Amino acid sequence: MFLRRRLLSTASAAAGAIRGPPPIRVALTESSSRGVFATRPVASGEHLHSAEPLLAHPSPSLHHEVCYSCLRRKAAGEERGSSGGGCYFCSDACKEHAKGFHDVGLSVDWSLFDDHCSSYEDLLSAAAASVSCDASVGNALYMLPSFYNHDCDPNTHIVWLENANMKLKALRDIEEGEELRICYIDTSMDVHARQKILADGFGFECRCLRCLSGD
Ligand SMILES: [Zn+2]
Ligand SMILES: [Zn+2]
C-alpha cells in the first residue's frame, strides 16, 4: 500500500548532509509486516534519506497556484503561465515529467467515474492512507516511505521543504537494528482520538507503547 501524505505548504527544518548509503533496510517485523530498520546507530536530527513521489497531484482549488507535477507553490509575481489544461507547471522539466498523466487526465470523461467516486480524492483514498492538514497543497504517493510503520511516539519524522520531495530525519538517537517509525497523524491528540482516526482512516488498532500506557 502506498502512503499518501498531504503536503504542508511550509516546513522549517533544514536538510542535513548525507554520507554514504542511507542507514536503513526494509525487513519483516515481529508481526510479519514490513518495516524499516536502522543499519547503524543514528544521531538525533540526522537526515536518513530523501524520497521523490511516484505521483503527486495538487488540490483541485490550487491548480493555478501549485505545480501540477512537484507541488511547488507559484512564487509571488512569477509570470510563468498555465498549460492548456489550466494547470500550473513550475518548470519545463515538471511539465515534461507529468505529461503522460496530465494528458490522460484531460482526455478522460470523469463524469462516468463520478457515478462511482465523487472526486479524485476518493480515487486516491481507495488505495492510500491519508493524513489531514489544513495547510495541505495536494497529495502525493511514495514507495519507500510507505514501508515505515506508525508509532504515536515516533523516532523519525518527514519534512517537506519547497515541493513534494520529502526528507526523513531522526527525531532522537536511534540504535542499530531499531525499527524506524513515523507518526501518520497529529501526535498532540489524546489516545482516544488517535485510536479512532487510525482505525477509521488506516484500518488498524495502534498498540504502540504510548497507546498501551493510555497517554
Ligand atoms: Zn514543479
Ligand atoms: Zn499508538
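Residues numbered from 1 in each chain as written. Chains lettered and ligands numbered in written order. Predicted model: local features only at pLDDT ≥ 70, side-chain atom pairs only at ≥ 80, totals over all residues.

An unreviewed UniProt entry annotates the protein as SET domain-containing protein originating from Eleusine coracana subsp. coracana.

Taken in spatial order, the three strands of this open sheet run β4-β10-β9, and their pairing is antiparallel. Edge strands, defined here as strands with exactly one partner in the open sheet, are β4 (47-51) and β9 (156-160). Across the sheet, the mean angle separating the axes of adjacent strands is 25° when strand polarity is ignored. (Pairing = 2+ DSSP bridges. Helix = DSSP H or I, 4+ residues; strand = E, 2+ residues; numbered from the N terminus. Axes fitted to C-alpha atoms, helices over the stretch in contact; angles between N-to-C directions.)

With that settled, the discussion passes to the confidence of the model for the protein. Averaged over all residues, the pLDDT of the protein equals 79, while 73% of them reach at least 70. Across residues 122-134 the pLDDT falls below 50, and counting only partners more than four positions away or on other chains, this stretch makes 27 contacts in the model. (pLDDT = per-residue confidence, 0-100. Contact = placed C-beta atoms within 7 Å.)

Core analysis: the biggest nonpolar cluster contains 30 residues, and C67 and L71 have the highest contact counts within it. Among the secondary structure elements, those contributing two or more residues to this core are β3 (34-38), β4, β7 (136-142), β9 and β10 (166-170). The biggest single contributor to this core is β7, with four residues. Of all hydrophobic cores here, the second largest spans five residues; its members include C152, C183, L198 and C206. (Core = buried A, V, L, I, M, F, W, Y, C linked by C-beta atoms within 7 Å. Buried ≥ 20, exposed ≤ 12 C-beta atoms within 10 Å, placed from the backbone.)

Attention shifts here to the sheet that holds strand β2 (residues 24-28). Spatially, β2-β3-β11-β8 is the arrangement adopted by the four strands of the open sheet, whose pairing is mixed. Two strands bound the open sheet, and with one partner strand each, they are β2 and β8 (149-150). Judged from the five bridges that link them, β2 and β3 form a sheet pairing that is antiparallel. If you follow A27 over to β3, its bridge partner there is G35.

A separate point is helix α5 (residues 191-202). One full turn of an α-helix is made of 3.6 residues, so residues set three or four places apart face in the same direction. Between its first and last C-alpha atoms α5 spans 15 Å; for twelve residues at 1.5 Å apiece the expected length is 16 Å, and the two agree. In the segment just after α5, G203 is the residue with positive phi, at about 80°. (Expected span 1.5 Å × (residues − 1).)

Right, let's talk about the pairing of β10 for a bit. With five of its five residues buried, β10 lies for the most part within the structure. A two-sided burial pattern is seen for β10, the buried positions comprising M166, L168 and A170 on one face and K167 and K169 on the other. Note that β4 and β10 share four bridges and pair antiparallel. Residue pairing in the sheet places H47 in a bridge with K169 of β10. Bridge analysis of β9 against β10 gives five bridges, and the strand direction is antiparallel. Opposite T156, over in β10, you have A170 as the bridge partner. If you look at the hairpin formed by β9 and β10, you'll find five residues sitting between the two strands.

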